[in-house]
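Here's the letter readout for the chains.
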Amino acid sequence: MYPRYSDNEFGLVQKAADLSHMALGGYVAESSLAAARSDAPTAAVADYRTAVKTLMDANRQLAMVGNNLNQLTRHLNEDGAWPHRDTVQRLLDHVETSIAEVDDAIVHVTTGR
């Protein structure tokens, strides 16, 4: 089997694979299998793409949180007025947990595991 795409369709599939951090062939295989395993194949493809987009948005937002934490750290080092150590540690633990949960969800959605 050799799927054929127009140039525009190929670009869309390639972009989706890139956003999923997957090789093109793997993405095509996984998305077609997700549809094939579903009772509603059209909905499965739409749900899959929505899930990947949502997770990638969450990943991007967490990266922004990391950037803000770096800026906050720079300012706190300049001013020397650090909040209580336990407060900072709880915040960092929460951010690390959130990142791990998003990473796990991305693996689950893109690999089916």
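Shown above is the structure to which this text applies.
Keep in mind the model is a prediction, meaning the values are calculated, not measured. (Residues numbered from 1 in each chain as written. Predicted model: local features only at pLDDT ≥ 70, side-chain atom pairs only at ≥ 80, totals over all residues. Heavy atoms only, no water.)

### Some remarks on the overall build of the chain
Okay, so step 1: Tallying secondary structure elements over the chain gives four helices and zero strands in all.
Okay, so step 2: The C-alpha radius of gyration of the chain comes to 19 Å, more than 25% above the 13 Å expected for a compact globule of 113 residues.
Okay, so step 3: Seen through its principal axes, the chain has C-alpha atoms that stretch 65 × 30 × 20 Å.
Okay, so step 4: When the accessible surface of the chain is split by element, carbon and sulfur atoms take 57% of a total near 8400 Å².
Okay, so step 5: Each charge class in the chain was averaged separately, 10 positive and 15 negative side chains, and the resulting centres sit 4 Å apart. (Helix = DSSP H or I, 4+ residues; strand = E, 2+ residues; numbered from the N terminus. Rg over C-alpha atoms; globule rule 2.2 N^0.38 Å. Areas by Shrake-Rupley, 256 points an atom, 1.4 Å probe, with all protein chains shown as cover. Lys, Arg positive; Asp, Glu negative; His and termini not counted. Charge placed at Lys NZ, Arg CZ, Asp CG, Glu CD.)

### Points about the nonpolar core
The nonpolar side chains of soluble globular proteins are, as a tendency, buried together.
Okay, so step 1: Judged by nonpolar contacts, the single largest core of 13 residues is most densely connected at Tyr27, Tyr48 and Ile106.
Okay, so step 2: Residue assignment for this core shows that the elements contributing at least two residues are helix 1 (7-19), helix 2 (24-37), helix 3 (41-79) and helix 4 (85-111).
Okay, so step 3: Tallying contributions element by element places helix 3 first for this core, with five residues.
Okay, so step 4: Residues in contact with Tyr27, not counting those within four places in the same chain, are Val13, Ala16, Ala17, Ser20, Met22, Tyr48 and Arg49. (Core = buried A, V, L, I, M, F, W, Y, C linked by side-chain atoms within 4.5 Å. Buried < 20%, exposed > 50% of the residue type's maximum accessible area, 1.4 Å probe, protein only. Contact = heavy atoms within 4.5 Å.)

### Thoughts on the side chain of Ser31
Okay, so step 1: Along the polypeptide, Ser31 turns up in helix 2.
Okay, so step 2: Assessed through its relative accessible area of 17%, Ser31 is described here as buried.
Okay, so step 3: Among the polar contacts listed, one links the side chain of Ser31 to the backbone oxygen of Val28, at a separation of 3.3 Å. (Polar contact = N/O pair within 3.5 Å; in protein donor to acceptor, adjacent residues only side chain to side chain.)

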